[in-house]
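Structural overview for review
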2 protein chains.
Amino acid sequence: MQKKITELRDRLTNLDYKFTPQRRAVLEVLLKNPDGHLSADEIYELVKENYPEMGIATVYRTLDLLVKLDILQKLNFGDGCSRFEFSQSEHHHHHLICLKCGKFIEVRGDLLEKLEEMITRENQFEIINHELKFYGYCSDCRNKNKDKE
Amino acid sequence: MQKKITELRDRLTNLDYKFTPQRRAVLEVLLKNPDGHLSADEIYELVKENYPEMGIATVYRTLDLLVKLDILQKLNFGDGCSRFEFSQSEHHHHHLICLKCGKFIEVRGDLLEKLEEMITRENQFEIINHELKFYGYCSDCRNKNKDKE
DNA sequence: CTTAATGCAAAGTATTTGCAGATTT
DNA sequence: AAATCTGCAAATACTTTGCATTAAG
């Protein structure tokens, strides 16, 4: 944890960004909730617990910066706000989104290589990243009634 | 085109929804722009050309209904609004999104079966649909400078 | 001391909702 | 006639922006 924070400080200072307590606080919240898929507002609420004077605009600006530095990835689960997780350049992973209860489940897997190769070849499109979401019913909901709403 | 409209009328009346000129007009715009990935607002503007009294709330409500009936699928390309396309239960297709110019390219392909099987087996998650987006650089942009902004 | 970053409040978008009146069945 | 649907405007939700002040390097 301390290591990650030092890493961020170095990344920032190297690029002439400043290492502020607010930026540190956002990173700490993210590190404490590694699988949280937190939204900006959720991060804001958590940061405020230790840092009551934090403003939401700073959270948004910090998140933008962390995405730009490729420390975070912005995700969209279709629930009306962006959510964030640490970029994982090595381990591609996908999301299972339950259509009934809305639960997010993470799946690791790198089975897209062949597909990527084909797409690159056929479309001359250079793939940098991908996002894969599966919608369906999680084990908890499968046995219950599947009707929405 | 006429066939699709009749189909919608029947679907609606069968489920005790009403077949209104507004709903018809939204469907017509979508049928005329099959690869448009139109947003609610773009649909609204197009509908207004022939139907100036249309209200934007009706567009949103109609799109919600069409998604609920599984006629449309709601997509998110991360540009701040939802976009819509006809559901394609047979031909799964994916989107290539250029990080530089923002162009969307559609790719057809059904290479995810193995991955789906594995996920279903390992997570007891019943997959109904998926959304796959590749981010990268399209052929037009590959040769140009890749720097963003 | 210089420049970037912050907090606040206001502004901007996209979307949703309440409701009276219009329309479909 | 009964129930749904519509348009409008107001409300909401998320995010961005302007600006005076504060803080980092």
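What counts, and where the lines are drawn
Residues numbered from 1 in each chain as written. Chains lettered and ligands numbered in written order. Predicted model: local features only at pLDDT ≥ 70, side-chain atom pairs only at ≥ 80, totals over all residues. Heavy atoms only, no water. Pairing = 2+ DSSP bridges. Helix = DSSP H or I, 4+ residues; strand = E, 2+ residues; numbered from the N terminus. Buried < 20%, exposed > 50% of the residue type's maximum accessible area, 1.4 Å probe, protein only. Contact = heavy atoms within 4.5 Å. Domains from an automatic or database assignment. Salt bridge = Lys/Arg side-chain N within 4 Å of Asp/Glu carboxyl O. Polar contact = N/O pair within 3.5 Å; in protein donor to acceptor, adjacent residues only side chain to side chain. Nonpolar A, V, L, I, M, F, W, Y, C, P; charged D, E, K, R; others polar. Near = heavy atom within 4 Å. Phe/Tyr/Trp six-rings, centres within 6.5 Å; stacked < 30°, edge-to-face > 60°. Lys NZ or Arg CZ within 6 Å of the ring centre and 35° of its normal.

Points about the sheet that holds strand β2 (residues 72-76) of chain A
Residue and element names in this part refer to chain A. If you walk across this open sheet you meet the 3 strands as β1-β3-β2, and the pairing is antiparallel. The outermost strands of the open sheet, each flanked by one partner alone, are β1 (38-39) and β2. With 5 bridges joining them, β2 and strand β3 (residues 82-86) adopt antiparallel strand pairing. Residue pairing in the sheet places Gln73 in a bridge with Glu85 of β3.

Overview of the environment of A:Phe19
All names here are of chain A. Its location among the elements puts Phe19 in the loop between α1 (2-14) and α2 (21-32). Overall, Phe19 belongs to the partly exposed group, its relative accessible area being 26%. Here the alpha-carbon distance between Phe19 and Thr6, two residues 13 residues apart in the chain, equals 10.0 Å. Discounting chain neighbours no more than four positions away, the residues touching Phe19 are Ile5, Leu8, Arg9, Leu12 and Arg24.

So, the domain arrangement of chain A
Residues and elements named next belong to chain A. Domain parsing of chain A yields domain 1 (2-86) and domain 2 (93-148). On the side of domain 2, 9 residues touch domain 1, which itself brings 10 residues to the contact. Linking domain 1 with domain 2 are 0 salt bridges, by the criterion used here. Our count for the domain 1 to domain 2 interface comes out at 0 residue pairs in polar contact (both at pLDDT 80 or more). Elements with a contribution of two residues or more to the side of domain 1 that touches domain 2: β2 and β3. The greatest single-element share of the side of domain 1 that touches domain 2, amounting to 4 residues, is contributed by β2. Residue composition of the side of domain 1 that touches domain 2, grouped by class: 2 nonpolar, 3 polar and 5 charged.

Thoughts on the protein's contact with DNA strand D
Taken together, 23 residues sit near DNA strand D, with A:Tyr60, B:Thr20, B:Gln22, B:Arg23 and B:Thr58 positioned nearest. Taking B:Gly55, its main chain carries an N or O atom lying 3.3 Å from a phosphate oxygen of DNA strand D. At 2.9 Å, a side-chain N or O of B:Arg61 approaches a base nitrogen of DNA strand D. Contributions of two or more residues to the surface near DNA strand D are made by α4 (56-68) of chain A together with α2 (21-32) and α4 (56-68) of chain B. The leading source of residues in the surface near DNA strand D is α4(A), at 4 residues.

As for the packing of aromatic side chains
Within the structure shown, the criterion is met by 0 aromatic pairs over all chains. The ring of A:Phe86 carries the charged tip of A:Lys4 above its face, separated from the ring centre by 5.2 Å.

Concerning the interface of chain B and chain A
Taken together, the contact between chain B and chain A spans 36 residues of the former and 36 residues of the latter. Where chain B packs against chain A, one counts 0 salt bridges. For the interface between chain B and chain A, the tally reads 0 residue pairs in polar contact (both at pLDDT 80 or more). The set of elements that each furnish at least two residues to the side of chain B that touches chain A consists of β4 (93-98), β5 (104-108), α5 (113-123), β6 (126-137) and α6 (139-142) of chain B. Residue contributions to the side of chain B that touches chain A peak at 12 residues, all from β6(B). Across the side of chain B that touches chain A, the residue classes break down as 19 nonpolar, 8 polar and 9 charged. Pairing analysis gives 11 bridges linking strand β6 (residues 126-137) of chain A to β6(B), with the strands arranged antiparallel. Bridge pairing links A:Glu126 to B:Tyr137 in β6(B).

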